[in-house]
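An overview of the molecular structure
If you want the building blocks of each chain, they are given just below.
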Amino acid sequence: MNQKNIYIIDFDSTFTQVEALDELARISLKKHPDKEAIFKKIEDYTNLAMEGKLSFGESLAQRVKLLEATEDHLKQLITRLKKKVSASFSRNADFFKKHADEVLIVSGGFKEFITPVVSQYHIKKENIYANTFVTTGDGKIIDYDHSNPLSEEGGKVKLMQQLNLEGNLYGIGDGYSDFQLRESGLIKKFYAFTENISRESIVKKADHVTPSFDEFLYVNNLPRAISYPKNRILCLVIGEVNPESIALLKKDGFSIRHKTSFEEKYIADVHMLLLADGEKLTLDQLTRAVKLKTIGYLGQSKNKVDLPTCTKQGVVVFDDLKSNPRNLTFIPKRMIDFMNTGTTHLSNNFPNLQLPRIEKSHRLIHIHQNVPGIMAKINTVFAKHDINIVGQFLMTNPEIGYVITDINSEYDKQVFKSLKKIEHTIKFRVLY
């Protein structure tokens, strides 16, 4: 009999992008004359505890003492935190709905602000374990419940020992208290979550580093919003590229390498290429870059990139025919849009297809040589596998056909192999 999986998730800097008590301080001390100095003290106490350099209990006591917060400040904090849920958790809301019984939020933070935020994601109130504030009759926060094990050093370990859960326990978090669960032997694996902050002392102790919740779901073969974690998509930036373009690609979650030349070690694994104006891609490099999906060229790509070969290999090229330096992020935006939705609008070599994202569906891309009968073969494969098509889009040019198909989320994954085997297929991939 298979054991039940249980997912123990931290809140601050994991489920949300920020440390809630730090945010609460910025709200409650907004008009305080020494607010910057106090902010710094609170952040220092947070980091010292997260890195295991100060006991959690001492850190918590010092932070609460400095807050000078009220219940009205908490309401403002909750509104702010709802907008600060980590992107990869937000886009995988369906996972929490389907696995509500198996997800626990275990945090050294406070239920007063955690519960309203995570409850939106179908996480059960009885599965939320956190501290609680002590307030006065007029709503001032003066202390916290010291009898709660989560207020103490090693509190997560003490709590899990009390709960005595049965099954395969997995911990996801960014701090030392999360690692302690692994160190104690209470959980099977510890995943260091680095989407918002990466603490070297924690990362080196983790069983697996997960730059996003997508990565965690992917390595554990769990249902997810996107088929392939963006942190595994290598985007190589070559030459003198403006920082704005690089920052945009990094913000979207791709794994960025910025180099002065196209180094041999990257050729076999690169998925995206952003080239500075004047950089040249050789035919040999292009031919061997078998995973390459899109090229962005910050200028005119003519005589710098072999467009016919790109088309033949199913590589979408975006360039700036006007060499307009004022719109610094035009090309990376096109690349991101293609990688996220399949949109080829304004590409140099592909049929121009611009389409919206369809919710609660999976999007498949099929690139093939433009020969008669391919669409019939694609749809025959869907019919054989009882696939329900939600939407389908086809554009062609003299060389290639580009098909995007949105299907219901329930399907036999053998359909992928069948689509790849269709004669004249150039590339096939699942977007989400």
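Here's what I pulled together on the structure shown here.

What counts, and at which threshold
Residues numbered from 1 in each chain as written. Predicted model: local features only at pLDDT ≥ 70, side-chain atom pairs only at ≥ 80, totals over all residues. Heavy atoms only, no water. 1 Å grid on protein atoms, 1.4 Å probe; cavity = no way out; pocket = protein on both sides within 12 Å on 5 of 7 lines; lining within 4 Å. Points joined across faces, edges and corners; volume = space filled by probe spheres on them. Helix = DSSP H or I, 4+ residues; strand = E, 2+ residues; numbered from the N terminus. Nonpolar A, V, L, I, M, F, W, Y, C, P; charged D, E, K, R; others polar. Salt bridge = Lys/Arg side-chain N within 4 Å of Asp/Glu carboxyl O. Buried < 20%, exposed > 50% of the residue type's maximum accessible area, 1.4 Å probe, protein only.

1. Points about empty space enclosed by the protein
- Per the stated rule, a full pass over the model turns up 4 cavities of 30 Å³ or more.
- Counted as a void, the largest cavity has a volume near 200 Å³.
- What lines the largest cavity is a set of 22 residues, among which Met-50, Phe-56, Ser-107, Gly-108 and Gly-109 lie closest to the centre.
- When contributions to the lining of the largest cavity are tallied by element, the ones reaching two or more residues are helix H2 (20–28), helix H3 (35–50), helix H4 (56–67), strand E2 (103–110), helix H9 (155–163) and helix H10 (176–183).
- Among the residues forming the lining of the largest cavity, the class breakdown is 6 nonpolar, 8 polar and 8 charged.
- Empty space within the second largest cavity amounts to approximately 50 Å³.
- Lining the second largest cavity are Ala-49, Met-50, Leu-54, Phe-56, Glu-153, Gly-154, Tyr-176, Ser-177 and Gln-180.
- Looking at the lining of the second largest cavity, the elements that each hand over two or more residues are H3 and H10.
- Element by element, the count of residues in the lining of the second largest cavity is highest for H10, at 3 residues.
- Along the lines of polarity and charge, the residues of the lining of the second largest cavity split into 5 nonpolar, 3 polar and 1 charged.

2. What to know about the pattern of salt bridges
- One pass over the full model with this rule turns up 19 salt bridges.
- Residues Lys-124 and Asp-101 are paired through a salt bridge, measuring 2.2 Å at the closest nitrogen-oxygen approach. Note that Lys-124 is positioned in the loop between helix H8 (111–118) and strand E3 (128–131) and Asp-101 in the loop between helix H7 (93–98) and E2, a separation of 23 residues in sequence.
- Of the residues examined, Lys-124 reaches a relative accessible area of 31% and is grouped as partly exposed.
- Using a relative accessible area of 44% as the deciding quantity, one classes Asp-101 as partly exposed.
- Look at the salt bridges and you will find they share partners, linking Asp-10, Lys-156 and Asp-178 into a network.

3. Some thoughts on the layout of surface pockets
- Empty space within the largest pocket amounts to approximately 1,800 Å³.
- Around the largest pocket, the lining comprises 50 residues; the ones closest to its centre are Ile-226, Ser-227, His-362, Val-430 and Tyr-432.
- When residues of the lining of the largest pocket are traced back to their parent elements, those giving at least two are H7, helix H17 (330–341), strand E14 (361–369), helix H19 (414–420) and strand E17 (425–430).
- Counted by class, the lining of the largest pocket contains 20 nonpolar, 12 polar and 18 charged residues.

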